[in-house]
Every structure is written in structure tokens, then in C-alpha cells.
Amino acid sequence: MLLFLVVIYAMPLAILGKDLSLQFWRSGWFLAPLIIIALIFIDIYFVINYRVYTLLEKEDWPALIQELEEKVLQKNRYSRRLVKLLISSYLVLSDVQSVTRLEKKLAISKKSLLDENALSFCAARVLSRDYQGAVEFLEPRCSGEAKVKGGESEWMRWYYGFAQLLSRRFDSAADAFLLLARYGSESLPAGLSSYFLSENLPAFLPLRSGNLKEEAGIAKERVKKSLRSRNDWDRELKRMDTEVYAAVLQTYTGKAGDYLYK
């Protein structure tokens, strides 16, 4: 940014000459303090978060968790960024109990962040095989009682169907996946729904197998219009790598990709 500032103010002298440069500097002087103020704020932010970024770069998860717990749990700094990073760090180490403790604390102290990270808390329940708990956690959030912005609402509905499937509530799981297969605008949840409707659920719902496979086929073609090749599918998955709730599904997303583009 300092180099940019020097270039901005030195270039007119080389191109326009002294007189025109003076006129330019008089009219554009305010850019310099704005850039310097921005640089100061960036430096302050970096200094404050230096240890967090250093530990994250080293992938020293235990030390990072200790640092984040001090900021979030002890100093009550419930920022969106720190809370999300803390949940992700717990899940990297499969420390589901700590995720549960954090969830209980957010339910009391910062409920908005609990709803915002609902998918990560649901993923923790799935990882710990608390499938019934995942169903109960997502049920009110999939019935319109809580608002979720953007594509996360479809991921939440997909996880709701997935938790129903793992709980062996096959009819409910099929209904949830059918909704996404027919109307979902997000390609990944729709593609995963199509895969389970075609390759998994028909074995448990023989009376519905014909309809499920037909709907799966329609959804498959719809997804392939959006993501035309396996590379497109993998690229979309790569874009979701930073989201824990998507990363824990790598086995299923791989199988769904094979199904969609075989």
C-alpha cells in the first residue's frame, strides 16, 4: 500500500511535469491520509490476531484451541470469526465434547451465533453418532422457525434428511431428499440427494423405489446442467473445503460424483 501511494504521487511528476503535478497533488492530497489510515488499521488488526494466524498457519490445533478458548470463553469475545474457527478446530481433532460445551454456552450467551453455526453443530452430532440429537436439533430450523441465509438453508435441509436416514427413518429421509432434488437451487445438496434417492433409499423403501429413482434421474440431469463435468463437481467441492459440514462428507460427495458422471 505504501508502494501504491508512492506510485500514485510520483507518476504525475514523470508524465505530466512539475506544474500539472502540483495541480494534481492539490486536488488529490486526501488519498494519502486515507491510505495511511487504512494501512494503520490493517497493521493493528494483524498485530492483535498475530498469534491466531501463526498457529493456524502451523496447523498447531491444540495451541490454537487454547488461544481461541482464552479469547472466546474466558474473555467473552464472541465474534463470528473466532467462534467459527474454534468450532472448526475442535472438529479437526474430533473433540465433539468441546463442541457440545461451546454450543451450550452460546445457547445462553450468544444464540445468534448458535443459529449461524447450526450446520457445524449438527455435523458434530453426526460425527459422534448422535443421529437422533441431530434430527431434534435441526427440526425447528428446517420448519421455518429460524432463518438461514443463502445456500446454507438447503444444506441444513439436506443434513436433516441425512440424520433421518442414519436414524433409519427412511420415509422422512426420502421426503427431505425429494424436496431438494425437485426444487433445490444448490447443486451439491441436490446432487447428494439424487445419489441417496437412487443408490441407497430404494433398498429400504421397495414400494417407493420406482418413484425415488425417477425423481433421482430428473435431479441428476438438472445438476449436470449446472455442473457439466466431474471437474466442475470437484471444483465446487473444493470451494466448500473451508466449511466443516461439507468436509466431513467427503466419502459421500465422492460417491455422488461417481454416480452423477459415470
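For the structure, see preceding data.
Summary of the structure given here.

What counts and what doesn't
Residues numbered from 1 in each chain as written. Predicted model: local features only at pLDDT ≥ 70, side-chain atom pairs only at ≥ 80, totals over all residues. Heavy atoms only, no water. Axes fitted to C-alpha atoms, helices over the stretch in contact; angles between N-to-C directions. Helix = DSSP H or I, 4+ residues; strand = E, 2+ residues; numbered from the N terminus. Parallel < 35°, antiparallel > 145°, perpendicular 65-115°, else oblique. Left-handed = near helix turned anticlockwise from the far one by under 90°. Contact = heavy atoms within 4.5 Å. Nonpolar A, V, L, I, M, F, W, Y, C, P; charged D, E, K, R; others polar. Expected span 1.5 Å × (residues − 1). Buried < 20%, exposed > 50% of the residue type's maximum accessible area, 1.4 Å probe, protein only.

To continue, consider the packing of helix α11 (residues 152–166) against helix α13 (residues 187–199). Running from N to C, α11 and α13 cross one another at 25°; their axes reach a closest spacing of 9 Å. Judged by the inter-axis angle, α11 sits roughly parallel to α13. In the packing of α11 onto α13, the handedness of the crossing is left-handed. When α11 is examined against α13, the residues Glu154, Trp155, Trp158, Phe162 and Leu165 are found in contact with a partner set consisting of Leu188, Pro189, Leu192, Ser193 and Phe196. Looking at side-chain class alone, the contact of α11 with α13 contains 8 nonpolar, 1 polar and 1 charged residues.

Compared with the 18 Å implied by 1.5 Å per residue over 13 residues, the 18 Å span of helix α6 (residues 80–92) between its first and last C-alpha is a close match. Taken together, the buried positions of α6 are occupied by Leu82, Val83, Leu85, Leu86, Ile87, Ser88, Ser89, Tyr90 and Leu91. Residues of α6 that are buried make contact with α4 (50–58), α5 (61–74), α7 (96–109), α8 (111–116), α9 (118–127) and α16 (244–247). Directly after α6, the chain includes serine 94, whose backbone phi takes a positive value near 55°.

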